[in-house]
Amino acid sequence: MRGRVTGTGSAVPEKVLTNFDIKKLVDTSDEWIVTRSGIKERRIASEGEFTSTFATRAALNALQMAGVTPEELDMIIVATVTPDFQFPSTACLVQSNIKAQNAAAFDVSAACSGFIYALSTADKFIRSGAVRKALVIGAEVLSRIVDWSDRNSCILFGDGAGAVVVEADSGDKGILDSMLKSDGSYWDLLYLPAPGSRNPASQKVLDERLMYLRMQGNDVFKLAVRAMEEAANQVLTAGGYSCDDIDLLVPHQANKRIIDAIGKRLGLPDEKVYVNLDRFGNTSAASIPIALDEANRTGRLHSGNLLLLDSFGGGLTWAAMSMIW
Ligand code: COA
C-alpha cells in the first residue's frame, strides 16, 4: 500500500502585484528583479482573505477532481508558516470550512519544504494502514509577514495555496520514496522573529519591525542549490532511478537561477522542469502544489510519468519525493 495523488487543486488571490508596482514601494526595477529572480509578478491577498481562505478553495478543487467527499477524509495536513492563528491549526479551520468531520487535522511547519514534509507524512500514515484518504495542502499569505520596505526580500514572495488528495493504492502508481532533511544550525538565515515565545507582542516588536521575516538571501541561495541537488539524487537512487528517467521536475519556486542551476546539475532539459514563479513568485509551502496542479490541469503530466518534487526552505529544511503519476 502506498499513497497516490488522485486529485490536485489550487487557489490564488485575484490581486496581481507586478514588479512595476513594487518599484513604487522600494528602490528597485523590473529589470533587476527579473534578472536576479525570474519573478515578474505575484498574487497578494486582499483584506478579508486569509491562509485558510485559499487553503479551503484549493482543497475543494482537489476533492472535486478526486471525486472524494469531505466526510471520507481521514486526515488533513496543512503546511504553512503563515497560519491564520498560532492556534488552532489552519488544518482545523479548513476541516470546519469543508465539513470533514471524520478527519484528524494538523499543521506542519517546515517553511518552503513544508508541502513535501506534509505529503510524506500522509504517505507514511497510509503505508501504516491507519489512513486511507488524506488531504494535503500547502498554503501561505506571506504578504502579511513581508517587510514592504526591505527591497532584499519583498520582491520575492507571494500568496496562494495548492492541495492534493492522496489515497491508499496497492498498484504501481503513487509515491515511491521521499527524503526529508534539516539543519537547524542555520535557523537564523531565514526566520520570523515575532510574535512567539521569544518575542511576544510588544512595542519593541513594532519598533524593531520584528514581525517581518528576515533573510540572508545570498547564503540561502548557495545552500539551496547544493541541498536540492543532494535531495533529488538521494531519492532517485533509493528507487533505482537516474536523472534520465525523470519526466517532470516540479521544484520549489524560489528563484529562477536556483531552478536553472538544479536543472543543469541534474542534466534536465528546460521542458522537463516546471516553472511558474514568473507569475506567482515564491509562495513557500504553496509553491509546489500550485505548480503541480497547473502541470496536471494543463496536460503536462501523463499516466506512468516519473515525477520528482524537490524543495528547500527555512529551518533549514530540504526534501525531495519521487512518484509515478
Ligand atoms: N533591487 C535593486 N537592487 C537590489 C535589490 C532590489 N530589489 N535587492 C538587493 N539589491 C542590491 C543589493 O543591495 C546589492 O547591492 P550592493 O552590491 O551595492 O551591496 C546588490 O543588489 C546585490 O545584492 P545580492 O544580495 O548579492 O543579490 P543576489 O544576486 O544574491 O540576489 C536574491 C538577491 C535575494 C534575489 C538572491 O540572493 C536569492 O534569491 N536568494 C535566495 C533567497 C530565497 O530563495 N529565499 C527563500 C528560500 S525558500
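For the structure itself, look to the data block above.
Because the structure is a prediction, the values reported are computed rather than measured.

### Quick word on the pairing of strand 1 (residues 2–11)
Point 1. Along strand 1, seven of the ten residues are buried, which leaves the element largely enclosed by surrounding structure.
Point 2. Two elements, strand 1 and strand 7 (residues 159–169), share nine bridges in a ladder whose sense is antiparallel. Bridge assignment links Gly3 to a residue of strand 7, and that residue is Ala168.

### A closer look at the sheet that holds strand 7
Point 1. Strand order across the open sheet formed by five strands is 1-7-6-4-5, with mixed pairing between neighbours. Both edges of this open sheet fall to strand 1 and strand 5 (104–108), since each of them pairs with a single strand only. Each neighbouring strand pair of the sheet contributes to a mean axis angle of 20°, computed without reference to strand direction.
Point 2. Each of strand 1, strand 6 (133–141) and strand 7 is contacted by helix 3 (residues 51–66), which is oriented at about 125° to strand 1, the strand it contacts most.
Point 3. Strand contacts of helix 10 (residues 287–297): strand 1, strand 6 and strand 7, with the helix running at about 90° to strand 1, the strand carrying the most contacts.

### A closer look at the state of the cysteines
When the sulfur atoms of two cysteines share a covalent bond, that bond is a disulfide.
Point 1. By the definition in use, this model includes zero disulfides.
Point 2. Left unpaired, Cys112 is separated from the closest cysteine sulfur, that of Cys154, by 16 Å.

### Details of the nonpolar core
Point 1. In this structure, Leu119, Val136, Val164, Val250, Leu307, Leu309 and Met323 are the most contacted members of the largest nonpolar core, which totals 35 residues.
Point 2. Elements represented by at least two residues in this core include exactly strand 4 (75–79), helix 5 (114–128), strand 6, strand 7, strand 11 (248–251), helix 10, strand 12 (306–313) and strand 13 (317–324).
Point 3. Structurally, this core is a two-domain feature, drawing no fewer than three residues from each of domain 1 (2–171) and domain 2 (176–324).
Point 4. Excluding residues that lie within four positions of it along the chain, Val164 makes contacts with Val5, Gly7, Thr8, Ala62, Phe115, Leu119, Ala134, Leu135, Val136 and Leu292.
Point 5. Within the second largest apolar cluster, 30 residues are counted, among which are Leu176, Val235, Leu249 and Ile324.

About the cut-offs
Residues numbered from 1 in each chain as written. Predicted model: local features only at pLDDT ≥ 70, side-chain atom pairs only at ≥ 80, totals over all residues. Heavy atoms only, no water. Buried < 20%, exposed > 50% of the residue type's maximum accessible area, 1.4 Å probe, protein only. Helix = DSSP H or I, 4+ residues; strand = E, 2+ residues; numbered from the N terminus. Pairing = 2+ DSSP bridges. Axes fitted to C-alpha atoms, helices over the stretch in contact; angles between N-to-C directions. Contact = heavy atoms within 4.5 Å. Disulfide = S-S within 2.5 Å. Core = buried A, V, L, I, M, F, W, Y, C linked by side-chain atoms within 4.5 Å. Domains from an automatic or database assignment.

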